[in-house]
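Fold and contact review
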Amino acid sequence: MNSEHHLSIVMPVLNEAGTLAATLEALIPLRHGGVEVIVVDGGSQDATLTLARPLADQVLEGPVGRARQMNLGAYAASGEWLLFLHADTRLPEDALPAISRALGGNRVWGRFDIHLSGASSMLPMISAMMNRRSRLTGIATGDQAMFMTRNAFERVGGFLDQPLMEDIEISRKLKRLSRPACLGQKVTSAGRRWDKHGAWKTILLMWRLRYRYWRGETAERLAEEYRHAR
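Residues numbered from 1 in each chain as written. Predicted model: local features only at pLDDT ≥ 70, side-chain atom pairs only at ≥ 80, totals over all residues. Heavy atoms only, no water.

**Concerning the side chain of Ser-134**
Among the secondary structure elements, Ser-134 is positioned in helix 6 (residues 123-137). The buried category is assigned to Ser-134, whose relative accessible area is 2%. The residues contacting Ser-134, other than those within four sequence positions of it, are Arg-111, Ile-139, Ala-140, Gln-144 and Cys-182. (Helix = DSSP H or I, 4+ residues; strand = E, 2+ residues; numbered from the N terminus. Buried < 20%, exposed > 50% of the residue type's maximum accessible area, 1.4 Å probe, protein only. Contact = heavy atoms within 4.5 Å.)

Listed below in structure tokens is the structure:
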């Protein structure tokens, strides 16, 4: 990758000791290729920080809140391209060239298709629904490893400081700059929410929260219900 388009991966974490080491170890080949990895902790009470320090280029500590943590990491990043990755999500092997192709034209942001892993037999269908909905609406979710140019990130003012739906809000703003590059390569993300609470129950919860948000309820109010369901 041209150094002019250096990529930085920003990972917000909170008590992720169970999955973090494996996720960061999977990024070692990318780091060897010049990709910067930044972990932003929101006040973990477990071994998250200890595990992260030897496996990341920067480990930052900030206020809890995924949007705040991602903004903090983005402004500390050196890359001209930014990718926001959850601690339980693995990138595909060809992530770097795929992003390079996607941002090499007129698109300024994008996301990957998602494959949810877990015990529920419904996870493949849920994954397909998420990918199709994203293509139709141009709205990405954080689970899909959103990426964008630094310029685009700064033009939209980063992630809105709210406890839920920050991915929807930044997608809406980024859509004004360009349609997203919806990559067919798949990230693999843990379907633990669906496994823990049941597939149909979780689907209905997520759609209900999105509908109420669209109707104007605040993210702060919806976040309380979401926390109880996690």
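Next, the rest of the story.
**Some remarks on unusual backbone geometry**
Working note: non-glycine residues mostly have negative phi, and peptide bonds are mostly trans. You will see that Asn-15, though not glycine, has its phi angle at about 55 degrees, which is positive. Looking at where Asn-15 falls in the secondary structure, it is placed in the loop between strand 1 (7-13) and helix 1 (20-25). Residue Met-165 is not a glycine yet carries a positive backbone phi of 65 degrees. Following the sequence through the fold, Met-165 ends up in the loop between helix 7 (150-155) and helix 8 (166-175). With relative accessibility at 8%, the residue Met-165 sits in the buried group.

**Description of the nonpolar core**
Ile-9, Leu-24, Leu-27, Leu-83, Leu-91 and Phe-112 are the most contacted members of the largest nonpolar core, which has 39 residues in total. Listed by contribution, the elements that provide at least two residues to this core are strand 1, helix 1, strand 2 (36-41), strand 4 (81-84), helix 5 (95-102), strand 6 (109-117), helix 6 and strand 8 (181-190). Per element, the largest residue contribution to this core is 5 residues, and it comes from helix 5. The residues touching Phe-112, leaving out its near neighbours within four places in the chain, are Leu-83, Leu-91, Pro-92, Ala-95, Ala-98, Ile-99, Gln-144, Ala-145, Phe-147, Leu-183, Gln-185 and Val-187. With 20 residues, the next largest nonpolar core counts Val-40, Leu-60, Met-70 and Trp-109 among its residues. (Core = buried A, V, L, I, M, F, W, Y, C linked by side-chain atoms within 4.5 Å.)

**Digging into a nonpolar patch on the surface**
A contiguous nonpolar patch, built from Met-125, Met-129, Trp-200 and Trp-207 and spanning about 440 Å² of accessible area, is present on the exposed surface. Going through the elements one at a time, helix 6 and helix 10 (199-214) are the ones with two or more residues in the nonpolar patch. Mapped onto the elements, Met-129 comes out in helix 6. A relative accessible area of 37% means that Met-129 is categorised as partly exposed. (Patch = residues over 30% accessible without salt bridge, like charges linked within 9 Å, V, L, I, M, F, W, Y side chains within 5 Å. Areas by Shrake-Rupley, 256 points an atom, 1.4 Å probe, with all protein chains shown as cover. Salt bridge = Lys/Arg side-chain N within 4 Å of Asp/Glu carboxyl O.)

**Description of the side chain of Glu-16**
The residue Glu-16 is located in the loop between strand 1 and helix 1 in this model. Taking the relative accessible area as the measure of exposure, Glu-16 reaches 16% and is therefore buried. Once residues within four sequence positions are removed from consideration, Glu-16 is found in contact with Asp-46, Thr-48, Ala-87 and Arg-192.

**Quick word on helix 5**
Within helix 5, the full set of buried residues consists of Ala-95, Leu-96, Ala-98, Ile-99 and Ala-102. Seen from one end, helix 5 has its buried residues packed into an arc of 165 degrees, which puts them on one side. Taken together, the buried residues of helix 5 touch strand 1, helix 2 (28-32), strand 4, strand 6, strand 7 (147-149) and strand 8. (Arc of directions from axis to C-beta.)

**Quick word on the environment of Ser-8**
Relative to the helices and strands, Ser-8 resides in strand 1. Leaving out residues up to four positions away in the same chain, Ser-8 has contacts with Glu-36, Ala-77, Ser-78, Gly-79, Trp-81, Leu-82 and Leu-83. A polar contact of 2.5 Å, which involves the side chain of Ser-8, links it to the side chain of Glu-36. In this structure the side chain of Ser-8 is engaged in a polar contact, spanning 2.9 Å, whose partner is the backbone nitrogen of Gly-79. (Polar contact = N/O pair within 3.5 Å; in protein donor to acceptor, adjacent residues only side chain to side chain.)

**Section: the environment of Met-122**
As for its placement among the helices and strands, Met-122 is situated in the loop between strand 6 and helix 6. For Met-122, a relative accessible area of 16% puts it in the buried group. Through-space distance from the C-alpha of Met-122 to that of Thr-50 is 36 Å; in sequence the pair is 72 residues apart.

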